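Structural overview for review
Below are the chains, spelled out letter by letter.
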Amino acid sequence: MTFDFSPLLPESTPAPAKRWSGFPEFNFIGGHIDNATVPVDDLRAAMDRALSREGADIATYSLRSGPQGYRPLREYLVQKLKRYSGIDTTADDILLTSGSLQAMELVNKLLLERGDTVIVEETNYGGTFSKLRAMGVDMIPVPLDAEGMRMDALETVLNDLAAKGIRPKYIFTIATVHNPTGTILPLDRRHRMLELAKQHGVPIFEDECYSDLVWANERPPALRALDDSGMVIHIGTFSKTVGPALRVGYINAGWPVLGRLIALKTDAGSPALEQMMLAEYCPDHFDDHVRRCNAVLEGKLDAMIDAVDECFGTTVEFAKPPGGIFLWLKLPEGVTTPQLAAVAGAKGVAVNPGPDWSLEGDADRWIRLCFANPPIETIRKGVARLAEICREEFGVPEISGNIRR
């Protein structure tokens, strides 16, 4: 007889996960990137060089670099953050983490407790919502438009909260290549957000997970780059450029914050071999690699848009994002995307339904489609199959591939 652990579990324990059975035939979920862009040979060579030179240092925790992570990678990030995001910083103000998810969890652990209030973009990374809900935090949504978070709406929210005597713990924003909408917050709105944040004494938590993936290879300065008061906490990752399985992210903040985050990071250090490899690879290769990735990703996005236009026609709404790996797609009235996602998933087409990613009233008409990982032909076939399933369930689209169904 198998021992029953269930009576011993705390009430807050989540339901058990299902056993993984592999990717579906048409996988449009998750933050996977393009397999062909992973620079395998260069990474192998970089790892060999790093291990040949410093491999014996894995005998010590943190490779003799201390609890903030491998110093050569932090020193590279100082240069990268300046070139890409306009941030002036030092290696001592960077903490390497196990992906940006650990970075997010550390910041939340530092600043939040049950009953606190935070301000979030109304449509947002689903993990942001789930983590904050699990912590018992009150989320105040701010609507977005085609250029990202609306500053008039943010001002209203901050004023309303102040009138109630509520001081939010932070404003969370994905300002550069938003997930899932793909918007990039313009420079004037960035300055206005900082003004409002200073006026109300509310810090900004800036997630730049996708900020390197911009088709034009140009972007506005990060909010942290524009901040002269140390009120912006900035996180990023190598997951969306080199590979999510590496689990290498980072936090950039002033020492009064970073010192406390280090004290909370009790894992004895994030995996070091990946940090060594990236520190060896990135100085000579990262910039060219990102340009290649962006060219490939924009081609895949164009293929997905062509397929959506052909198979869904004018029944759907979307805007071509200027970067990232997602297409945020609005389906017609009468379609509920949680139901569509459930039926499609059972038939081998995995999509993210809108309510997991948005607090909008019509969130159940939206879906998030990741175009980065599937080959172009798979994208075309998968979108066609999704349109067929949508028509079978909801009667739309009536015309697909110029054929009335």
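1. A few points about the overall build of the protein
For the protein, the helix and strand inventory stands at eleven helices and 16 strands. Taken over 405 residues, the protein has a buried fraction of 53%. Taking the intrachain contacts of the protein between residues at least 6 apart in sequence as the baseline, contacts between residues at least 24 apart amount to 72%. Averaging the positions of the 43 positive and the 55 negative side-chain charges in the protein gives two centres separated by 3 Å.

2. Some words on helix α6 (residues 187–200)
For α6, built from 14 residues, the straight-helix expectation of 20 Å at 1.5 Å per residue is met to within 8% by its first-to-last C-alpha distance of 20 Å. For α6, the set of buried residues is Arg-189, Arg-190, Met-193, Leu-194, Leu-196, Ala-197 and His-200. Down the axis of α6, the sector holding all buried residues measures 165 degrees, keeping them to one side. Facing away from the buried side of α6, by more than 90 degrees, are the exposed residues Asp-188 and Gln-199.

3. Let's talk about the sheet that holds strand β10 (residues 249–252)
In spatial order, the strands read β2-β10-β9-β8-β7-β3-β4; together these seven strands make up an open sheet with mixed pairing. At either margin of the open sheet sits one strand with a lone partner, and together these are β2 (94–97) and β4 (138–142). Going from strand to strand, the sheet's axes swing by 20 degrees on average, the running direction of each strand aside. Relative to β10, β2 is paired through four bridges, and the arrangement is antiparallel. From the neighbouring strand, Leu-95 faces β10, where its bridge partner is Ile-251. Its contacts with the sheet put helix α3 (residues 99–111) on β2, β7 (171–173), β8 (204–207), β9 (232–237) and β10, and the angle it makes with β9 is roughly 155 degrees. Sitting on the sheet, helix α4 (residues 126–134) is in contact with β3 (117–121), β4 and β7, with an inclination near 165 degrees to β3.

4. Side note on empty space enclosed by the protein
Here the structure, examined in full by the defined rule, presents one cavity of 30 Å³ or more. In this model, the largest cavity occupies a volume close to 40 Å³. Looking at the largest cavity, the residues that line it are Ile-33, Asp-34, Thr-37, Lys-240, Thr-241, Cys-293 and Leu-297. Class assignment of the residues belonging to the lining of the largest cavity gives a composition of three nonpolar, two polar and two charged.

Reading guide: rules and limits
Residues numbered from 1 in each chain as written. Predicted model: local features only at pLDDT ≥ 70, side-chain atom pairs only at ≥ 80, totals over all residues. Heavy atoms only, no water. Helix = DSSP H or I, 4+ residues; strand = E, 2+ residues; numbered from the N terminus. Buried < 20%, exposed > 50% of the residue type's maximum accessible area, 1.4 Å probe, protein only. Contact = heavy atoms within 4.5 Å. Lys, Arg positive; Asp, Glu negative; His and termini not counted. Charge placed at Lys NZ, Arg CZ, Asp CG, Glu CD. Expected span 1.5 Å × (residues − 1). Arc of directions from axis to C-beta. Pairing = 2+ DSSP bridges. Axes fitted to C-alpha atoms, helices over the stretch in contact; angles between N-to-C directions. 1 Å grid on protein atoms, 1.4 Å probe; cavity = no way out; pocket = protein on both sides within 12 Å on 5 of 7 lines; lining within 4 Å. Points joined across faces, edges and corners; volume = space filled by probe spheres on them. Nonpolar A, V, L, I, M, F, W, Y, C, P; charged D, E, K, R; others polar.

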